[in-house]
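# Summary of the model geometry
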Amino acid sequence: MSDKKINYEYFYFGPFLYRGKLLDKEIDQIKKLCTQKKDVRKTLAGLIKKEFEVDSKKLYPIILPYLQSYIQAAQQHWGTYYGNQIELVSSWVNYMTKYESNPIHGHGYDLSFVLYTEIPAGLKKEAEDTVSNNIKPGVINFINKLEIHKYELNVQSFVPGVGDMFIFPGTLNHFVHSFQSEGERVSVSGNIKVI
């Protein structure tokens, strides 16, 4: 190795993926909004038996501080102005159980989010015990692009925890493979328009 000091700049490139942590009282408020039973499976990509609409007008004030935090962080990160008005266009809840999955998809809105209100007790251990280096059961996987290059990171994967909230550009593809743990992996998702 050379002792020569080289000055450089690092340029962040790709989608701005954000993870926040909801408070327990916010999780409880969101759980109460998930009692509607309007089936929305025909509008979603998931291979999940129970997917229902969530009242966006009631959800919006609970998650607004996180959406504003994302906008502020993304503006600092990119140095560009995103807008000053945020509209929650749609929201829904997925009650994923073992053997169900959510194939690769994007949402096509300015921003999307997913947050978690319940995770099966054995899911983290199941993911850790899976031998594969890449795709693990019940893990949310964000894919920047399908091509793999040895000098680029194209996938970010996370074992979700209760209260985790991910906010990301609506065009960022993501998916979840099936798992075998008992219990429900409950996620609330939505689409956001920035004006």
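Here's what I pulled together on the structure shown here. (Residues numbered from 1 in each chain as written. Predicted model: local features only at pLDDT ≥ 70, side-chain atom pairs only at ≥ 80, totals over all residues. Heavy atoms only, no water.)

### Structural notes on the overall build of the protein
Heads up, the condition is: Numbered from the N terminus, helices here are DSSP runs of H or I no shorter than four residues, and strands are runs of E no shorter than two. Radius of gyration means the value over C-alpha atoms here, while the globule rule gives 2.2 Å times the residue count to the 0.38 power. Residues count as neighbours in contact if any of their non-hydrogen atoms are within 4.5 Å of one another. For accessible areas, the Shrake-Rupley method is used with a probe of radius 1.4 Å. Any residue's cover is judged against the shown protein chains and nothing else. His residues and chain termini do not enter the charge count, which takes Lys and Arg as positive and Asp and Glu as negative. Where a charge sits is defined by one atom per residue type, namely NZ (Lys), CZ (Arg), CG (Asp) or CD (Glu).
Helix and strand counts for the protein come out as three helices and 10 strands. The order of α-helices and β-strands along the protein, N terminus first, is β-α-β-α-β-β-β-α-β-β-β-β-β. For the protein, whose C-alpha radius of gyration is 18 Å, the value lies close to the compact-globule estimate of 16 Å for 195 residues. Contacts in the protein between residues at least 24 apart in sequence constitute 82% of all its contacts with a sequence separation of at least 6. Roughly 11800 Å² of accessible area belongs to the protein as shown, and the carbon and sulfur atoms make up 52% of that amount. Of the side chains in the protein, 23 bear a positive and 21 a negative charge, and the two mean positions are spaced by 1 Å.

### Brief notes about the environment of isoleucine 86
Condition: The buried label goes to any residue with under 20% of its type's maximum accessible area, the exposed label to any with over 50%, and the partly exposed label to all in between, with areas taken from a 1.4 Å probe on protein chains only.
Within the element layout of this structure, isoleucine 86 appears in strand β3 (residues 86-96). What makes isoleucine 86 buried here is its relative accessible area of 14%. It is 8.2 Å that separates the C-alpha atoms of isoleucine 86 and glutamine 68, two residues lying 18 residues apart in sequence. What isoleucine 86 contacts, discounting residues up to four positions off in sequence, is Tyr60, Leu64, Leu67, Gln68, Ile71, Ile192 and Lys193.

### Focus on the sheet that holds strand β6 (residues 140-143)
The condition is simple: A strand pair is defined by DSSP finding two or more bridges across the two strands. For helices, the axis comes from a line fit to the C-alpha atoms of the stretch in contact; other axes are also lines fit to C-alpha atoms, and the angle between any two N-to-C directions lies between 0 and 180 degrees.
Pairing is antiparallel across the open sheet formed by four strands, whose spatial order is β4-β9-β6-β7. A strand with exactly one partner marks an edge of an open sheet, and here the two such strands are β4 (102-105) and β7 (155-158). For this sheet, the mean inter-axis angle between neighbouring strands, taken without regard to orientation, is 15°. Where β6 meets β7, four bridges bridge the pair, whose relative direction is antiparallel.

### Some words on helix α2 (residues 56-78)
As a reminder of what qualifies: Every helix has an expected span of 1.5 Å times one less than the residues it contains. The bend reported for a residue corresponds to the angle between axes fitted to the seven residues ending at that residue and the seven starting there. Definition of a polar contact: a pair of N or O atoms within 3.5 Å, with one able to donate and the other able to accept a hydrogen when the atoms are protein atoms, and with sequence-neighbouring residues admitted only if both atoms are side-chain atoms.
Over its 23 residues, α2 runs only 28 Å from end to end, short of the ideal 33 Å by more than 12%, given 1.5 Å per residue. Along α2, the sharpest kink reaches roughly 55°, centred on isoleucine 63 and followed within four residues by the proline proline 65. Buried within α2 we find Ser56, Leu59, Ile62, Ile63, Leu64, Tyr66, Leu67, Tyr70, Ile71 and Ala74. Of the surrounding elements, those touching the buried residues of α2 are β1 (18-21), α1 (24-33), β3, β5 (111-118), β8 (164-169) and β10 (185-194). At the N-terminal boundary of α2, the capping side chain belongs to aspartate 55, with an oxygen 3.0 Å from the backbone nitrogen of lysine 57.

### Remarks on the layout of surface pockets
Selection rule: Here a cavity denotes grid points, spaced 1 Å and computed from the protein atoms alone, that fit a 1.4 Å probe unable to get out, and a pocket denotes an open set having protein on both sides within 12 Å along at least 5 of 7 lines; residues with an atom within 4 Å of a point are the lining. Grid points are joined across faces, edges and corners, and a volume is the space filled by probe spheres set on the points. Residues are grouped as follows: Ala, Val, Leu, Ile, Met, Phe, Trp, Tyr, Cys and Pro are nonpolar; Asp, Glu, Lys and Arg are charged; every other residue, Gly included, is polar.
In this structure, the second largest pocket encloses a volume near 250 Å³. In this structure, the second largest pocket is lined by 22 residues; those nearest its centre are Asn102, His105, His107, His174 and Ser189. At the level of elements, β3, β4, β5, β9 (173-176) and β10 are the ones that each hand at least two residues to the lining of the second largest pocket. For the lining of the second largest pocket, the leading source of residues is β10, giving four residues. The residue makeup of the lining of the second largest pocket, split by class, is nine nonpolar, 11 polar and two charged.

### Considering the packing of aromatic side chains
Formally: Only Phe, Tyr and Trp rings take part, Trp by its six-membered ring, and two of them pair if their centres are within 6.5 Å. Stacked means planes under 30 degrees apart, edge-to-face means over 60, and tilted covers everything else. Only lysine NZ and arginine CZ atoms are considered, and such an atom sits over a ring when it is within 6 Å of the ring centre and within 35 degrees of the ring normal.
Applying the stated criterion across every chain, the model contains eight aromatic pairs. An aromatic cluster of three or more residues is present, and its members are Tyr116, Phe142, Phe158, Phe166 and Phe168. In this structure, lysine 50 packs its charged tip against the face of tyrosine 95, placed 5.1 Å from the ring centre.

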